[in-house]
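Notes for the structure review
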Amino acid sequence: MIISRFLRRGISTSTSPTRRRSWWDHVTPALKDPINAVTDAFLADPCPYKINLGVGAYRDDEGKPVVLQCVREAEGKTGATNFLESTSTAISSKLVEESAKLIYGEDSDVIKERRFAGIPALSGTGACRIFAEFQKQFYPGSTIYFPDPTWSNHRNIWGDAHVPDRTFHYYHPDSKGLNFVALMDDVKNAPDGSFFLLQPCAHNPTGVDPTDEQWLEISSLFKVKNHFPFFDVAYQGFASGDVERDAQAIRIFLEDGHSIGCAQSFAKNMGLYGHRVGCLSILCNDKIQAVAIKSQLKQISNTMYGSPPIHGISLVSKILSNPDIKALWLKEVKVMATRIQRMRATLREALERLGSPLNWQHITNQVGMFCFSGLTRAEVDQLAKEFHIYMTHDGRISMAGVTTKNVDYVARAIHEVTASDRDIKILHNIGAYKVNTDICSTSLGTKKTRARGMNLAL
Amino acid sequence: MASTLLSLASATPSASLCFHEINKGKLNLGCINKEKTNPFIKAKSFGRVSMVVASNVSHFEGITMAPPDPILGVSEAFKADDHELKLNLGVGAYRTEELQPYVLDVVKKVNKLLLEKGENLEYLPIEGLAAFNKVTAELLFGADNPVIKQQRVATVQGLSGTGSLRLAAALIERYFPGEKVLISSPTWGNHKNIFNDARVPWSEYRYYDPKTVGLDFEGMIADIKAAPEGSFILLHGCAHNPTGIDPTPEQWGVIADVIQEKNHIPFFDIAYQGFASGSLDTDAASVRMFVARGMEVIAAQSYSKNLGLYAERIGAINVVCSSPEAAARVKSQLKRIARPMYSNPPVHGARIVANIVGDSALFKEWNAEMEMMAGRIKNVRHKLFDSLSSKDKSGKDWSFVLKQIGMFSFTGLNKAQCDNMTNKWHVYMTKDGRISLAGLSLAKCEYLADAIIDSYHNVS
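Residues numbered from 1 in each chain as written. Chains lettered and ligands numbered in written order. Predicted model: local features only at pLDDT ≥ 70, side-chain atom pairs only at ≥ 80, totals over all residues. Heavy atoms only, no water.

1. Points about the environment of Ala328(B)
Residue and element names in this part refer to chain B. The test is simple: Numbering of helices and strands starts at the N terminus; helices are DSSP runs of H or I of at least 4 residues and strands are runs of E of at least 2. Note on classification: 1.4 Å probe, protein chains only; a residue is buried when its accessible area is under 20% of the maximum for its type, exposed when over 50%, partly exposed between these limits.
Structurally, the position occupied by Ala 328 is in helix H13 (residues 324–342). With relative accessibility at 47%, the residue Ala 328 sits in the partly exposed group. Residues Ala 328 and Ala 361 lie 33 residues apart in sequence; the distance between their C-alpha atoms is 33 Å.

This is the structure we're talking about:
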């Protein structure tokens, strides 16, 4: 019978010469993710005093990653709890409920009337992706407008969902602030009913946020144009230190009656990076529509990964629903935001004290984790090569990586690369400037040409 | 005046005055005139034009309810039933003899350990926890497998089986556009949805033979042979879901022959390693056979069932390539796909698995618990078979219950008969005739036998 013929194992029955080729010959190596590539380069650098100002992950003043105390407390209450499928649904619903309250306001009509469809998501990325797929499914011909610039992964997310993207003016390279006039123009000129991605606070990568007045205008224009605003909320609490304050843009849109969509991430503001916790919500006309939309969102996530992991969901829902732990969390968010604000001020002062002729106001004007420094690609490369300071090619500095110990070194390095590139001699009046020898003596000592003119107590 | 107001929001379909907007005193007619000259061009703020029209109608107005998930819907119906003899044989989640959910002792231990360690919660790399990726590949292929030693496996941590399958589907869509995936008829319900949403075309190969309540081997081979060269063949590594019918080792050999002959790519979904026979190694035999022949293989793993980590979403996608260089390229592309899906995978489940599989004492304990769980299911099969054989005087051959393997059994009942199971006997199962033995206790076997016999003989 059939079976005996084939009992000879491993013997090829085909004589095609192409049989031994690999199936994957035509797979080229993927381009490295630009942000992760910075971390990779940083990790590969053997220099002991290297500094990573690339990825937007919070560090304390010792440069160490932080597990928030509120997280530890929530862990203590849930950590050893082993999750059963039965409890998962309840916990997920709780997470969505609490996340919605956090961003829309506890007393918002949207919450009271249950006019939102929400699902837990794999942090901000996951929430954006589910929305992008949802947008594609129900508005197949639509595009998405991104601020220029925006987080590098936004383009990949909507791209993989097959939604083409366009940009609207946002950052003004001369003022290093918001290009409001051009922004409003672009919003006006976009076809009615376009989809826009907005960052409500602590814009990534520029740190430039519209003022409340400007948000009011944007919201009004959106109303006229019937655009759909999708908010990517990755830093609630990180801009001002106050979660309510940081939600202002969204509250403004809500008051204007927009039915928005919102991607929330708890990676940064709760330090839950690795747990991948977030929430996707879409505001609806009523409860009934909310149920229908939620079912569609669930269906999309069911074919992508099923459901997000319960551990992180459980932590966030505990933190937000337990008043004591929540109060602790709010305090800790303020501490993180304040430290970053302090580092901004310190870095700017240091650069000004060094006599840099450039304008560094934007370091303190910009808000949140990132500073769009204005450094050129060449300067960024030089910082990495010669000073072992790593940041993304667009000159975005993660201020979370700046500490009291390294801020002087960072300032000097920035001053050095910008001064030499712009043909300005380094002055000697930094002799009185205290040097952190334990960080930088080795490098600057050996780089004779660079060190000349910098009076270092070596 | 009202019409002027309404014309401002020209694109807004429903522009009725909103009651609470008026109450808030938002009527601000004074600003209307400024709208005639486009005020937004100027840099100054003009103060808002208060919109008195109601909330914009949702952009997603016409969206309808998605169809309910057939499997999860069963559990919901079960919950709603308050009959005292009700039995939930719907979803494939392991239950103890007391029909309680079960958290493995090793998992409890490791959760405690992790709590004490208090490690940081930084992002994992896109490909996941390195320690996890190492042990998961070794668990599937065997630590001494040449493909591991030669670094020919691209392993990326995924969100359980579903997430891992989706990564592979996206890879297929990108690099083999238009190529089909052949899936068994029947197969796990979500397979089709995953490939649909990933835009990968699929077709079916015959698998279940309702006449024998067994494998339609000839049909399966014929359909795999008939598929265009270079198709992807989705195979269940062990404990086929939903039928519980696995090919014999000899049959696996023939399947491998045909796949090689037609230059197809074998794509394994291994969701039950350890649950079929009780032995992790034995259950990996089919995959290892294909790999031993030098074939390039895709394999998706899940720890949802065998470690009970359903809710933590931990699994992996492995692509065995012909060279380490190809594996590196493939891995980079899997990462490229994962980044815009969720950036990097969750850390907790990965740490649990890495700790258990990476520690010989814990690994031994896991093996023992695995045997216990699979053993309970085998016992239940025996008891059910005995009950059916002794109660049913018709002479029908119920031995398929013993031949089938893993959590599920395809009873051969049709939809009407399944409805009878539920409506008359309060036994909840999926409409394709599948029962989850993991949800059956020894104590309930006789009752179930009565229900099956009644449905089979008295309902058509």
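2. Considering the sheet that holds strand E7 (residues 232–236) of chain B
Hydrogen bonding along the main chain pairs the strands of a sheet, whether they run parallel or antiparallel. Residue and element names in this part refer to chain B. Formally: Strands pair, by our definition, only if DSSP identifies at least two bridges between them. Axis lines are fitted to C-alpha atoms, over the contacting stretch for helices. Their N-to-C directions set the angle, which ranges from 0 to 180 degrees. Here a residue-residue contact requires only that any non-hydrogen atoms of the pair lie within 4.5 Å.
Taken together, seven strands build an open sheet; the order of strands is E2-E10-E9-E8-E7-E3-E4 and the sheet is mixed. In the strand order of this sheet, the two ends are held by strand E2 (153–158) and strand E4 (202–206), each with one partner. For this sheet, the mean angle separating the axes of adjacent strands, direction not counted, is 25°. Relative to strand E10 (residues 315–320), E2 runs antiparallel, the two sharing six bridges. If you follow Val 153 over to E10, its bridge partner there is Val 320. Docked against the sheet, helix H7 (residues 160–175) engages E2, strand E3 (181–185), E7, strand E8 (265–270), strand E9 (297–302) and E10, running at close to 155° with respect to E9. Contacts from H13 reach E2 and E10 within the one sheet, and its direction differs from that of E2 by about 15°.

3. Comments concerning the interface of chain B and chain A
Our working rule: The buried area of a pairing is the accessible area, by a 1.4 Å probe, that goes missing from both parts when the two are put together, added over both. Any carboxyl oxygen of Asp or Glu within 4 Å of a side-chain nitrogen of Lys or Arg constitutes a salt bridge here. Any N or O atom pair separated by 3.5 Å or less is treated as a polar contact, with the protein-specific requirement of one donor-capable and one acceptor-capable atom, and with residues adjacent in sequence counted only for side-chain atom pairs. Throughout, the ten residues Ala, Val, Leu, Ile, Met, Phe, Trp, Tyr, Cys and Pro are labelled nonpolar, Asp, Glu, Lys and Arg are labelled charged, and all others, Gly among them, are labelled polar.
Between chain B and chain A, the residue contacts involve 102 residues of the former and 108 residues of the latter. Approximately 9,200 Å² of surface area, both sides summed, lies buried where chain B meets chain A, with 55% of it carried by carbon and sulfur atoms. Taken together, chain B and chain A are joined by four salt bridges. Arg336(B) serves as the salt-bridge partner of Asp160(A), at 3.2 Å between the closest nitrogen and oxygen. Applying the counting criterion to the chain B and chain A interface returns 32 residue pairs in polar contact (both at pLDDT 80 or more). For the side of chain B that touches chain A, the elements supplying multiple residues, two or more each, are helix H2 (19–23), helix H4 (105–117), H7, helix H8 (189–197), helix H10 (249–261), E10, H13 and helix H14 (347–358) of chain B. With eleven residues, H13(B) is the largest single contributor of residues to the side of chain B that touches chain A. Of the residues in the side of chain B that touches chain A, the class split is 49 nonpolar, 29 polar and 24 charged.

4. Digging into the nonpolar core
All names here are of chain B. Stated formally: We call a set of buried Ala, Val, Leu, Ile, Met, Phe, Trp, Tyr and Cys residues a nonpolar core when their side-chain atoms join them within 4.5 Å. Reported domain spans reflect what an automatic or database domain assignment gives.
With 105 residues, the main nonpolar core has Phe 290 and Trp 366 as its most contacted residues. It is helix H15 (residues 360–391) that provides the largest number of residues to this core, a total of nine residues. Here this core gathers at least three residues from each of two domains, domain 1 (71–102 + 365–458) and domain 2 (123–358). Each residue touching Phe 290, except ones within four places of it in the same chain, is listed here: Leu 235, Trp 252, Ile 255, Ala 256, Ile 259, Pro 266, Phe 268, Met 295 and Val 297.

5. Details of the sheet that holds strand E7 (residues 195–198) of chain A
Residue and element names in this part refer to chain A. Taken together, seven strands build an open sheet; the order of strands is E2-E10-E9-E8-E7-E3-E4 and the sheet is mixed. Edge positions in the open sheet fall to strand E2 (116–121) and strand E4 (165–169), since each of these has one partner strand only. The average angle at which neighbouring strand axes cross in this sheet is 20°, direction not considered. Pairing geometry for strand E3 (residues 144–148) and E4, over five bridges, is parallel. Bridge pairing links Pro 147 to Phe 168 in E4. Each of E7, strand E8 (228–233), strand E9 (261–265) and strand E10 (278–283) is contacted by helix H11 (residues 248–255), which is oriented at about 155° to E8, the strand it contacts most.

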